[in-house]
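Residue-level listing of the chains:
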Amino acid sequence: MVRNAFQGSGATLQWTKMANRGPSYGLSREVQEKIEQKYDPELESRLVNWIIIQCGEQIEHPPPGRQHFQTWLMDGTLLCKLINSLHPKGNEPIAKISESKMAFKQMEQISQFLKAAEIYGVRTTDIFQTVDLWEGKDMAAVQRTLMALGSLAVTKDDGCYKGDPSWFHRKAQQNRRGFSEEQLRQGQNVIGLQMGSNKGASQSGMTGYGMPRQII
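The present account deals with the structure reproduced in this document. Owing to the predicted nature of the structure, the values given are computational and were not obtained by experimental measurement.

Reading guide: rules and limits
Residues numbered from 1 in each chain as written. Predicted model: local features only at pLDDT ≥ 70, side-chain atom pairs only at ≥ 80, totals over all residues. Heavy atoms only, no water. Helix = DSSP H or I, 4+ residues; strand = E, 2+ residues; numbered from the N terminus. Buried < 20%, exposed > 50% of the residue type's maximum accessible area, 1.4 Å probe, protein only. Contact = heavy atoms within 4.5 Å. Areas by Shrake-Rupley, 256 points an atom, 1.4 Å probe, with all protein chains shown as cover. Axes fitted to C-alpha atoms, helices over the stretch in contact; angles between N-to-C directions. Parallel < 35°, antiparallel > 145°, perpendicular 65-115°, else oblique. Left-handed = near helix turned anticlockwise from the far one by under 90°. Nonpolar A, V, L, I, M, F, W, Y, C, P; charged D, E, K, R; others polar. Phe/Tyr/Trp six-rings, centres within 6.5 Å; stacked < 30°, edge-to-face > 60°. Lys NZ or Arg CZ within 6 Å of the ring centre and 35° of its normal. Salt bridge = Lys/Arg side-chain N within 4 Å of Asp/Glu carboxyl O. 1 Å grid on protein atoms, 1.4 Å probe; cavity = no way out; pocket = protein on both sides within 12 Å on 5 of 7 lines; lining within 4 Å. Points joined across faces, edges and corners; volume = space filled by probe spheres on them. Expected span 1.5 Å × (residues − 1). Polar contact = N/O pair within 3.5 Å; in protein donor to acceptor, adjacent residues only side chain to side chain.

1. As for the overall build of the chain
Moving on, step 1. Across its full length, the chain holds 9 helices and 0 strands.
Moving on, step 2. Overall, the chain shows an N-to-C arrangement of helices and strands of α-α-α-α-α-α-α-α-α.
Moving on, step 3. Per-residue burial over the chain gives 36% buried out of 216 residues.
Moving on, step 4. Sequence-distant contacts, at least 24 apart, represent 58% of the contacts inside the chain between residues at least 6 apart.
Moving on, step 5. By element, 51% of the accessible surface of the chain is carried by carbon and sulfur atoms, the whole surface being about 14900 Å².

And the structure:
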């Protein structure tokens, strides 16, 4: 399940302090650098184009780069519009989208998007955490979630997806077949005919498996 990114009445102060922390050093800095290396600039461009087309609004294209991509998404507004656009009009999962500058409101909207994405079908293992985006902890995880969401939208093929279908991988679907009770009964009859009948049959003249046959 999606984790809540904030708790208690002091959430705003706590998150403001966390956001204003200086650069990390030592082992944590090494870990952060490895995470940043997983970020894909080419994938960023594809996701930006899709979000702009999918939302269908006059949205300003952000400058290229991981930090600009983070800033573009971190208030949760575009993410909420994105997930709403993947549902028929009137069935949007997020009723009210705020453009508030307050930290806890922005994180709340990110959390709402993550919950809606999970309900839409994105696996829990593909869902990023709120701090991954809001603090820029793991923007590669943000990319992974958006790619999973796009793949699901293309696979559903329900008319809500906008953009080039080749931007995302279409997920394989199980080919489930349903049979009526009459079809099942007919199938049992066919199996019975194929197996034959043992009425009046005997084991006379039959040879056990592996035994030599006697010729008289």
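2. Here we look at the environment of M74
Moving on, step 1. Counting through the fold element by element, M74 comes out in the loop between α4 (66-73) and α5 (77-85).
Moving on, step 2. In this structure the C-alpha to C-alpha distance between M74 and W134, which are 60 residues apart in sequence, comes to 5.1 Å.
Moving on, step 3. Excluding anything up to four places from it in sequence, M74 contacts Q106, I110, L133 and W134.

3. As for the packing of α5 against helix α6 (residues 103-120)
Moving on, step 1. Where α5 contacts α6, the two axes come as close as 8 Å, and the packing angle between them is 25°. One way to sum up the angle between α5 and α6 is to call them roughly parallel. Two packed elements cross with a definite hand, and for α5 against α6 that hand is left-handed. The segment α5 lies against α6, with T77, L79, C80 and I83 engaging Q109, F113, A116, A117 and Y120.
Moving on, step 2. Along the lines of polarity and charge, the residues of the contact of α5 with α6 split into 7 nonpolar, 2 polar and no charged.

4. A look at the packing of aromatic side chains
Moving on, step 1. Evaluation of the coordinates by the stated rule reveals 6 aromatic pairs.
Moving on, step 2. Between the aromatic rings of Y161 and F168, the centroid separation amounts to 6.1 Å while the plane-to-plane angle is 85°, which identifies the pairing as edge-to-face.
Moving on, step 3. On the basis of relative accessible area, F168 is assigned to the buried category, the value being 6%.
Moving on, step 4. In textbook terms, an aromatic cluster arises when at least three aromatic residues are bridged by ring pairs, as seen for Y39, F69 and W72.
Moving on, step 5. Its end group placed over the ring of Y120, K156 keeps NZ or CZ at 4.6 Å from the ring centre.

5. Some details on the pattern of salt bridges
Moving on, step 1. Under the defined criterion, the tally for this structure stands at 3 salt bridges.
Moving on, step 2. The partner of K81 in a salt bridge is E57, and the shortest N-O contact between them spans 3.1 Å. Residue K81 is located in helix α5, and its partner E57 is located in the loop between α3 (41-55) and α4; the two are separated by 24 residues in the primary sequence.
Moving on, step 3. Among the residues examined, E57 registers a relative accessible area of 38% and is labelled partly exposed.
Moving on, step 4. Of the charged contacts in the structure, one is a salt bridge between D126 and R123, with a shortest N-O distance of 3.2 Å.
Moving on, step 5. The class of D126 is buried, set by a relative accessible area of 11%.

6. Brief notes about the layout of surface pockets
Moving on, step 1. Roughly 220 Å³ of internal volume is contained in the second largest pocket.
Moving on, step 2. E57, I59, E60, W72, D75, T77, L78, K81, E99 and K101 together form the lining of the second largest pocket.
Moving on, step 3. The element that contributes the greatest number of residues to the lining of the second largest pocket is α5, accounting for 3 residues.
Moving on, step 4. Of the residues in the lining of the second largest pocket, the class split is 3 nonpolar, 1 polar and 6 charged.

7. A look at unusual backbone geometry
Moving on, step 1. Phi at D157 takes a positive value of approximately 50°, unusual for a residue other than glycine.
Moving on, step 2. Looking at where D157 falls in the secondary structure, it is placed in the loop between α8 (139-156) and α9 (181-195).

8. Points about α3
Moving on, step 1. Here α3 spans 21 Å end to end across 15 residues, near enough to the 21 Å set by a 1.5 Å rise per residue.
Moving on, step 2. Burial in α3 covers these residues: L43, E44, L47, V48, W50, I51, I52, Q54 and C55.
Moving on, step 3. Buried residues belonging to α3 abut α4, α5 and α8.
Moving on, step 4. Taking the backbone nitrogen of E42 as reference, a side-chain oxygen 3.0 Å away marks D40 as the first, capping residue of α3.
Moving on, step 5. Count one or two residues on from α3 and you reach G56, which has phi positive near 65°.

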